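Survey of secondary and tertiary structure
Single-letter residue listing:
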Amino acid sequence: MSIRTSLKKVLPPISITEQEALEAGDVWLEASIYQGKPDMQALRNIPTAKLSPEEQAFLNGPVQQVLEMVDDFALQNDKHIPQDILDFLSANKFFALIIPKKFGGLEFTPYANSTIVATLAAKSGALAVTVMVPNSLGPGELLMHYGTPEQQNHYLPRLAIGQDIPCFALTSPEAGSDAGAIPDAAIVTKGMWEGEEVVGLRVSWDKRYITLAPIATVLGLAFKVFDTEGLLGDQVELGITCALIPKSHPGVELGNRHDPMGVTFYNGTTRGQDVFIPMDFIIGGQKNIGRGWQMLVACLGAGRGISLPAMGVASAQNALKSTVEYSFVREQFGVPIGRFEGIQEELADIAGKTFVLEAMRVLTTEGLNLGLKPGVVTAMAKYHMTELGRDVLNSAMDIQAGKAIQRGPQNTLAGGYAAQPIGITVEGANILTRSLMIFGQGTMRCHPHLKEMVDLIHSEDSQADTQFNKVLGKTISFSVKNAFRSLAKSYLPFTRGAASALPEVRKYEKRMNSLAAKLAPMADLSLLVLGGDLKKAEMLSARLGDVMSYMYAAMAVVRFYEQRVENRNEALPYFEYAIQWCLLKGETALNDFIANFSNTPVRGLMRLLTNTYTSSVKGISDDLKRELSAAAMQDTSIKTQLTHLVKVIPGDGNDINEQAFKAKHAVMPQLKKIQKALRKTPVVPFISFEHAVGKLHAAGELTAEEVALVIDYNDKRKVAIRVDEFTFDLELLDKDLTLVNESGNKKADAA
């Protein structure tokens, strides 16, 4: 019995949906990471993404205008997005960011799409979600890539101007991430359409969690097709298919709403029972029956690589801006709270992780700008950037404490805090993305020979054994080279190498080369020992995926520091923290993987190959945390760069914080002068700051101009540290809430 035949008996077969998901998308930088040789030259050669004059004008014009129209606190307490805002979005083509110009769209780059969505998200989660959905996975993108000319010419111009509002329905109560299990089905049959009997589909569906469904005019729908009557051929089960159905079509049910965390974007259900549709409703026509899942996974790049990561970055930038400004002006025991070491630790973490997030956002969209659809990279971006956004926001909530938990127009965190779990949940829950997708898909796509080997294992070709043996030889050679590379870079530091022109980067580039070199043989050994069971060993698989992800993040940080920062001296502590954090997390994940590998002899070999005999990993020093927290509270160009998505609107919470922050920096010499004078001659009793300043002015310690400056600052400080308050209104208790169950029937009325 041949080796191939033996493996065929052991390895589980790969389902069609698994196969299509594994094969979807392009391979990019992640392949060099997986293979142990991060391609830093390719990283540095990527064209730098910039906004075109048209894209910049859109940000300065319509985006700024709609931000000024939105009162997010009022939106959070309402049931609907105001119609004038929806009309403005339609008229200014916010729903057409990706639609080609020939169909009336804006045809912006992925980088511009990300920047626009993130800027909206920094103001309002509901606004951002409403805009991002038509510009990510949905009817628009599917029509662009797979629609017939007739479908494109009919729908895309209407979608571009908001005449049609799209939604796309995939998720069912019985099937979320397991799309292959969707029960929604269509039977190929004959029916009447426009007065004639034609071959079409009789579809039944029950979908939930569908964004924009309550206001959609056209429904994108995924379902399985069965040809039980043999009208199309001798195959009964034809596979997942995507169709586009007008809301007005008989039998289509749209309108019931969910309530996602109180965030007022439209999300709800759609249902239909035995709805007859003609073949023309299938996206791409009859020839695309059964291609639906392939079409969907090929188009996931926008949602995973642009929209959801943008929300994570936006919440982090919002948190960084408001928290450093608040920490600088809020004082306890006579000093800014940002000088307390407990606060400094969290403040540094916020600043460093925000640097990581912006670096990943830029690099990922630069890859998408190249026309690539890197499935593994976008999965990394979706998981880690939404999770990092949550980490940063939690730290900001802790620092701002009482100010953060009191909702109101001045609160800059509450809206994002409520919306953050939504981005983490949709487009595949983060647990699934981390434990199954990143390394699982990464292995099949990034290993130079594995996919060919698996295909040959399940092949029925008479020459499969011969071909398999050749590929097996290449695989063994690849693994041996990986092992020797890991040994060299683990024990001989001079072999690690670095190409950066910046000395502060080179030491980290060497560390990155070492970590990637260790990853490659660990992946090989896990595949050798666990084989097909690796996909069941989700915790081990997730850790290897983490190593890949943090290496990608580290590459993004290096690129951003080398090519994007305006002042490297100011940015250095941000860079140091960000790159050290990425490498610390990657090295910890590798150590945890080895420590939890149950095969003891193999675990010993892993330790030998990687020089990993303890769980000790170099951490981030307290000195760097103190340095970065102090730097973050300065009014510098790097702070501006890392908060550029937050557009300050006159009178809003960010404006109030910023005015106090800048006013304090402007009067720092006077404040130091006051402190020195008070130490020399204390004012007793110290009734208030204003009283003390008046006494010092009377004593000739301060000029009238200095008094005016510090009083102006103090007035702004008082406004910045306050929280919103409201009169008690019994009418708030009189809202009628109607609960609707999954079948669409009225369940109860509650007051």
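Residues numbered from 1 in each chain as written. Predicted model: local features only at pLDDT ≥ 70, side-chain atom pairs only at ≥ 80, totals over all residues. Heavy atoms only, no water.

So, about the nonpolar core. Among the nonpolar cores identified, the biggest contains 188 residues, and L120, L201 and F355 are the most heavily contacted of them. No other element matches the 15 residues that helix α22 (residues 538–563) contributes to this core. Ranked by size, the runner-up nonpolar core spans 29 residues in total, among them I99, F103, L156 and A175. (Core = buried A, V, L, I, M, F, W, Y, C linked by side-chain atoms within 4.5 Å. Buried < 20%, exposed > 50% of the residue type's maximum accessible area, 1.4 Å probe, protein only. Helix = DSSP H or I, 4+ residues; strand = E, 2+ residues; numbered from the N terminus.)

With that settled, consider the packing of aromatic side chains. For the coordinates displayed, the defined rule picks out 14 aromatic pairs. Plain terms: the ring middles of W193 and F281 are 5.4 Å apart, the flat faces sit at 80 degrees to each other, and that makes the pair edge-to-face. Here W193, found in strand β2 (residues 185–193), pairs with F281, found in the loop between β7 (267–278) and α12 (292–298); they are 88 residues apart in sequence, far enough to count as distant. The interplanar angle of 70 degrees and the centroid separation of 5.5 Å between the aromatic rings of F328 and F661 together place this pair among those described as edge-to-face. Of the two residues, F328 sits in helix α13 (residues 301–329) while F661 sits in helix α27 (residues 653–666), which places them 333 residues apart along the sequence. One exposure class covers both F328 and F661, and it is buried. (Phe/Tyr/Trp six-rings, centres within 6.5 Å; stacked < 30°, edge-to-face > 60°.)

Next up on the list: the side chain of S435. The residue S435 is located in helix α18 (residues 430–446) in this model. For S435, the side chain forms a polar contact with the side chain of E538, separated by 3.5 Å. Setting aside residues up to four positions removed in sequence, S435 forms contacts with E538, S541 and A542. (Polar contact = N/O pair within 3.5 Å; in protein donor to acceptor, adjacent residues only side chain to side chain. Contact = heavy atoms within 4.5 Å.)

Here the focus is the packing of helix α14 (residues 341–369) against helix α25 (residues 622–632). Where α14 meets α25, the closest approach of the two axes is 8 Å, and the angle between their N-to-C directions is 75 degrees. On the basis of the axis angle, α14 is roughly perpendicular to α25. Only K625, R626, L628, S629 and A632 of α25 make contact with α14, whose side of the interface consists of E341, Q344, E345, L347, A348, A351 and G352. Residues of the contact of α14 with α25, tallied by class, amount to five nonpolar, three polar and four charged. (Axes fitted to C-alpha atoms, helices over the stretch in contact; angles between N-to-C directions. Parallel < 35°, antiparallel > 145°, perpendicular 65-115°, else oblique. Nonpolar A, V, L, I, M, F, W, Y, C, P; charged D, E, K, R; others polar.)

Moving on, we come to helix α23 (residues 568–595). Residue pairs three or four apart in sequence face the same way in an α-helix, which turns once every 3.6 residues. For α23, with 28 residues, the first-to-last C-alpha span of 38 Å sits near the 40 Å given by 1.5 Å per residue. When the local axis directions of α23 are compared, the greatest deviation, roughly 30 degrees, occurs at Y574. Regarding α23, its N-cap is N567, as a side-chain oxygen of that residue lies 3.0 Å from the backbone nitrogen of N569 further along. (Expected span 1.5 Å × (residues − 1). Bend = angle between axes of the 7 residues up to and from the residue.)

Before going further, it helps to spend a moment on the confidence of the model for the protein chain. Per-residue pLDDT for the protein chain has a mean of 89; in total, 93% of the residues score no lower than 70. Low pLDDT (under 50) marks residues 733–751, which in the prediction has 26 contacts with non-local residues, meaning those over four places away or in another chain. (pLDDT = per-residue confidence, 0-100.)

Within strand β5 (residues 237–246), seven of the ten residues are buried, which leaves the element mostly enclosed by the surrounding structure. Alignment of strand β4 (residues 218–226) against β5, held across nine bridges, turns out to be antiparallel. Following the sheet pairing, G220 is matched in β5 by L244. (Pairing = 2+ DSSP bridges.)

Where helix α21 (residues 503–530) meets α22, the axes come as close as 10 Å, and the angle between the chain directions of the two elements is 160 degrees. By the angle class used here, α21 and α22 are roughly antiparallel. Seen along the crossing, α21 lies across α22 with a hand that is left-handed. Only L540, L544, V547, M548, M551, A554, M555, V558, Y561 and E562 of α22 make contact with α21, whose side of the interface consists of E504, V505, M512, L515, A516, L519, M522, A523, S526 and L530. Here the contact of α21 with α22 is composed, by residue class, of 17 nonpolar, one polar and two charged. (Left-handed = near helix turned anticlockwise from the far one by under 90°.)

Moving on, we come to the environment of K507. In this structure, K507 sits in helix α21. On a C-alpha basis, the gap between K507 and A121 in space is 36 Å, while along the polypeptide they are 386 residues apart.

Attention now goes to the pairing of strand β3 (residues 196–211). Here nine bridges tie β2 to β3, and the two strands are oriented antiparallel to one another. Its bridge partner being in β3, A185 is matched across the sheet by S204. Here β2 folds back onto β3, and the loop between the two strands holds two residues, one of which, E194, carries a positive phi near 55 degrees. Two strands pair when backbone bridges link them, and β3 and β7 are joined in this way by nine bridges, in the antiparallel orientation. Within β7, the position partnered with L201 by the bridge is I277.

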